[in-house]
Amino acid sequence: MQIAIVGSGYVGLVTAACLADSGNHVVAIDNDRAKIEALRSGRCPFFEPGLEELAGKNMRSGRLRFSTDLARGVADARVIFLAVGTPPRADGSADLSAIESAAVEVARGLTGPAILVTKSTVPVGTGARLEALIAANTPHRCPVVSNPEFLKEGSALSDFLRPDRVVIGADDPAAGDEIAELHQPFVRNNKPILRMGRAAAELTKYAANAYLATRISFINEIADVCEHLNVDVNDVRRGIGSDQRIGHHFLYPGLGYGGSCFPKDVQALASFGRAAGADCQLLEAVHRRNLAQGQRMVRRVLDRLGENLAGKRLAAWGLAFKPETDDVREAPALTVIEALLKAGAQVAVHDPRAMESARRVLGERVTYHPEPYAALQDADALLILTEWMEFRSPDFRRIAAMLRQPLIFDGRNLYAAATMRRYNFEYYSVGRPPVAMQRDDVKT
Ligand SMILES: NC(=O)c1ccc[n+]([C@@H]2O[C@H](COP(=O)([O-])OP(=O)(O)OC[C@H]3O[C@@H](n4cnc5c(N)ncnc54)[C@H](O)[C@@H]3O)[C@@H](O)[C@H]2O)c1
C-alpha cells in the first residue's frame, strides 16, 4: 500500500516506520525542513528508543522516504495519515489550525480517491469538519477515518507494534475496512481492532487520557491528605492498588502529569464537553490539582530554605516529563525550576537525554551537567524531578559528600525512608512523612 504521513513528529514518525516495516511504501512528510534533512541523513531529531534504527532499516530497504513536499507526497498515496500537532489555545480548547491547513493541502494534492486518517488527537466533530473541507478542495472522493494513537513516548515502538487495541472510527464502513486491514499485522496476538463511529473514536482518545490523568490527580490528592495526617501514601497506594478493580497503574504520586498530551487533552475535553452543554467539573478539578502539584514541591523547598533563595544553589536531576524521552513539553521539572529561579536560586541540572531540549526553554539561566554528580558540587540540596532508572540507586555517600548538606527533595518518591535514614539524609517526598537527619548539624 502507498501511504503518506503528514507530520513526522513522535506519532507520525513512529507510524511511518512501523507501517513501512510491515511492507508498505511510506512517505513521511513534514514542513520542518531541518527535521526532514536530519531524517534523510539517518538521524532521528528526537530521542525514542529503537526508532532511529527502525527508520534507518526501512529507509535503506526503500520502503520509507522523507519529504517536505506535501502535494507530491500525497499524489500517489491511497491512505494519508494526519499526525500534526493539536496544541492547546490559551482557553484550553484545541488549536486545529495545523490539522485544518494540512487537510486542505492534502485535498489540493490528491490525484485520485484516497482515505484520510486522523492520528492526531482531535475534538469530536473534527473528522466531519475535515471531510467537508476536503470536499470543498478536491473533486476526488476522500472519506475521513479516525484512528487515534495510544502510544507512549519512551515505549512508542512496542506500543505501536503490539497495541492493547486499535480503535477505528469510520462512518464509511469500506474506508474503515481498509484501515483495519492495514493494522492486521500488529494484532496477530488477538488484541482487538475496535470498530465504531468516527465521533466515538475521537472521544475515546480523550476519555482514555483524561481517565489516566484523573488517576494521577486522584493519588496526588490522597498524598496531600496523607501529608496532613502523617500517613505514608505508599501504604495506601499498595492497599488500594491490590484491589483487582483498581490496579496499580497510574497511581504513583509525584509532581503531576506533563507531556504534550495529558495536560492539553484534559483541558480540551473539558472545553468541547462544556461547549456541548456537559458538566465537566471533574476534569476541571483534575487539571487544577495537577497545576498545584509542582508548586507544592516549590513551597516545601521555600519552607525549608527560606523564601528568598538568592545565594542558594540547587541541583536538579531530571528535566524530561518522564523517563526514556527527551521531551520537555509541559514537563513538571521545568515548572519547578522556573519557580526556583524566580525565587533567586542558582540551579544546576542534569538529565540523561533532555538537556538539549531543556536548553531551548531555559537557555543559559541554569547550568547543564552531562554527569549527574557534577551538578551536586556545592549545592544546598538535590531535587529529583524525573524518575530515570539511573537515579534510583545512586551513590548516596557521594551525594552526601558533594552537597553542602545532606538534603533531598524527591518529587518522584524514588527512595525508601529507611535508606535515607541509613545515609543520614534529611528527606522530603510526596505524601510520605519527611525523614529528619539524625545529627543536629543541619545547616541552612
Ligand atoms: N506524543 C505522543 O505521545 C502522542 C501520543 C498519542 C497522540 N498524540 C497526538 O498526535 C498528534 C501529534 O503529536 P506529536 O507529539 O507527534 O507532535 P509533534 O509536535 O512531535 O509532531 C508534529 C509534526 O507535525 C509537523 N507539521 C505541522 N503542521 C504541518 C503541515 N501543515 N505539514 C507538514 N507537517 C506539519 C510539525 O513540524 C511536527 O514535526 C497530536 O494531536 C497529539 O496529541 C501524541
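Since we're looking at a predicted model, the values are computed, not measured.

Colleague: Just give me the short version of the packing of helix H5 (residues 97-109) against helix H6 (residues 126-135), but keep the residues and values in it.
Modeller: Axis separation between H5 and H6 bottoms out at 8 Å; the angle between their running directions is 35°. Here H5 and H6 pass one another in a crossing that is right-handed. Of the residues in H6, those touching H5 at Ile-99, Glu-100, Ala-103, Val-104 and Ala-107 are Arg-129, Leu-130, Leu-133 and Ile-134. Residues of the contact of H5 with H6, tallied by class, amount to 7 nonpolar, no polar and 2 charged.

Colleague: So what's going on with the domain arrangement of the protein chain? Residues and values would help.
Modeller: Taken domain by domain, the protein chain consists of domain 1 (2-196) and domain 2 (230-444). Facing 16 residues of domain 1, the contacting portion of domain 2 comprises 15 residues. Note on domain 1 versus domain 2: buried area summed over both sides is about 1300 Å², and carbon and sulfur give 54% of it. In this structure, the connection of domain 1 to domain 2 is made through 1 salt bridge. Residue classes in the side of domain 1 that touches domain 2 are distributed as 9 nonpolar, 5 polar and 2 charged.

Colleague: Break down the site of the ligand for me, with residues and values.
Modeller: The environment of the ligand is formed by 25 residues, the closest being Asp-30, Lys-35, Thr-86, Glu-153 and Lys-264. One nitrogen or oxygen atom from the side chain of Lys-264 is found 2.6 Å from an oxygen atom belonging to the ligand. Between the ligand and Arg-329, the relevant distance is 3.1 Å, taken from an oxygen atom to a side-chain nitrogen or oxygen of the residue. Considered on its own, the ligand offers 830 Å² of accessible surface; in the complex 88% of this is hidden by protein. At the level of elements, helix H1 (10-21) and H5 are the ones that each hand at least two residues to the shell around the ligand. Its residues placed into classes, the shell around the ligand shows 8 nonpolar, 8 polar and 9 charged. Composition of the shell around the ligand by domain shows at least three residues from each of domain 1 (2-196) and domain 2 (230-444).

Colleague: An account of the pairing of strand E13 (residues 407-410) is needed here, citing residue identities and associated values.
Modeller: Side chains Leu-407 and Phe-409 of E13 all project onto a buried face; the interleaved residues Ile-408 and Asp-410 project onto the opposite face, where all are buried too. Strand direction decides the pairing type here: strand E12 (residues 381-384) and E13, joined by 3 bridges, are parallel. Among the inter-strand pairings, Ile-384 is bridged to a residue of E13, identified as Asp-410. As a crossover connection, the stretch from E12 through helix H15 (residues 396-402) into E13 is right-handed. A crossover connection joins E13 to the parallel strand E14 (residues 426-428) through helix H16 (residues 417-422); in handedness this β-α-β unit is right-handed.

Colleague: I'd like a rundown of the nonpolar core, residues and numbers included.
Modeller: The biggest cluster of nonpolar side chains holds 59 residues, and the ones touching the most others in it are Trp-317, Ile-337, Leu-340, Leu-383 and Tyr-415. Top element by residues in this core is helix H13 (residues 332-342). It accounts for 7 residues. Residues contacting Leu-383, with those up to four places away along its chain left out, are Met-297, Val-301, Leu-314, Ala-315, Ala-316, Trp-317, Val-336, Leu-340 and Phe-409. One finds Ala-17, Cys-18, Leu-64 and Ile-168 within the second-largest nonpolar core, a separate group that totals 40 residues.

Colleague: Just give me the short version of the side chain of Arg-198, but keep the residues and values in it.
Modeller: Tracing the backbone shows Arg-198 in helix H9 (residues 198-229). Look at Arg-198 and you get buried, because its relative accessible area is 7%. Reaching out from Arg-198, the side chain makes a polar contact with the backbone oxygen of Val-144 at a distance of 2.9 Å.

Colleague: I'd like a description of the sheet that holds E14, backed by residues and values.
Modeller: Read across the sheet, 6 strands follow the order E11-E10-E9-E12-E13-E14 without closing on themselves; strand pairing throughout is parallel. Strand pairing shows two members of the sheet lacking a second neighbour, strand E11 (367-368) and E14, which therefore form its edges. Two elements, strand E9 (residues 313-317) and strand E10 (residues 346-350), share 5 bridges in a ladder whose sense is parallel. Across the sheet, the residue bridging to Leu-314 is Val-347, located in E10. Relative to the sheet, H13 contacts E9, E10 and E12, its axis offset from that of E10 by approximately 155°.

Colleague: Account for the packing of aromatic side chains, naming residues and giving values.
Modeller: As enumerated under the stated definition, the model contains 12 aromatic pairs in all. What links up through ring pairs into an aromatic cluster is the set Phe-396, Tyr-415, Tyr-423, Phe-425 and Tyr-427. Positioned above the aromatic ring of Phe-47, the side-chain terminus of Arg-353 is 3.7 Å from the ring centre. Above the plane of the ring of Tyr-368 lies Arg-359, whose end atom (NZ or CZ) is 4.2 Å from the centre.

Colleague: Help me get a handle on a nonpolar patch on the surface, residues and values and all.
Modeller: Together, Val-225, Leu-229 and Val-231 make up a nonpolar patch on the protein surface, roughly 250 Å² of accessible area in all. Within the secondary structure, Val-231 sits in the loop between H9 and helix H10 (233-241). Residue classification places Val-231 among the partly exposed residues on the basis of a relative accessible area of 34%.

Colleague: Describe the pattern of salt bridges, and please don't skip the residues or the numbers.
Modeller: Enumeration according to the criterion identifies 29 salt bridges in this entry. In this structure, the salt-bridge partner of Arg-289 is Glu-221, at a minimum N-O distance of 3.4 Å. Linking Arg-289 in helix H12 (residues 281-305) with Glu-221 in helix H9, this pair joins segments that are 68 residues apart in sequence. Judged by relative accessible area, which is 42%, Glu-221 ranks as partly exposed. As a salt-bridge pair, Asp-243 and Arg-245 come within 2.7 Å of each other at their nearest N and O atoms. Residue Asp-243 is classed as partly exposed on the basis of its relative accessible area of 24%. Counted as one network, the salt bridges with shared partners bring together Glu-221, Asp-224, Glu-227, Arg-289, Arg-296 and Arg-300.

About the thresholds
Residues numbered from 1 in each chain as written. Predicted model: local features only at pLDDT ≥ 70, side-chain atom pairs only at ≥ 80, totals over all residues. Heavy atoms only, no water. Axes fitted to C-alpha atoms, helices over the stretch in contact; angles between N-to-C directions. Helix = DSSP H or I, 4+ residues; strand = E, 2+ residues; numbered from the N terminus. Left-handed = near helix turned anticlockwise from the far one by under 90°. Contact = heavy atoms within 4.5 Å. Nonpolar A, V, L, I, M, F, W, Y, C, P; charged D, E, K, R; others polar. Domains from an automatic or database assignment. Buried area = accessible area lost by both parts, 1.4 Å probe. Salt bridge = Lys/Arg side-chain N within 4 Å of Asp/Glu carboxyl O. Near = heavy atom within 4 Å. Polar contact = N/O pair within 3.5 Å; in protein donor to acceptor, adjacent residues only side chain to side chain. Areas by Shrake-Rupley, 256 points an atom, 1.4 Å probe, with all protein chains shown as cover. Buried < 20%, exposed > 50% of the residue type's maximum accessible area, 1.4 Å probe, protein only. Pairing = 2+ DSSP bridges. Right-handed = clockwise from strand over helix to strand, strands pointing away. Core = buried A, V, L, I, M, F, W, Y, C linked by side-chain atoms within 4.5 Å. Phe/Tyr/Trp six-rings, centres within 6.5 Å; stacked < 30°, edge-to-face > 60°. Lys NZ or Arg CZ within 6 Å of the ring centre and 35° of its normal. Patch = residues over 30% accessible without salt bridge, like charges linked within 9 Å, V, L, I, M, F, W, Y side chains within 5 Å.

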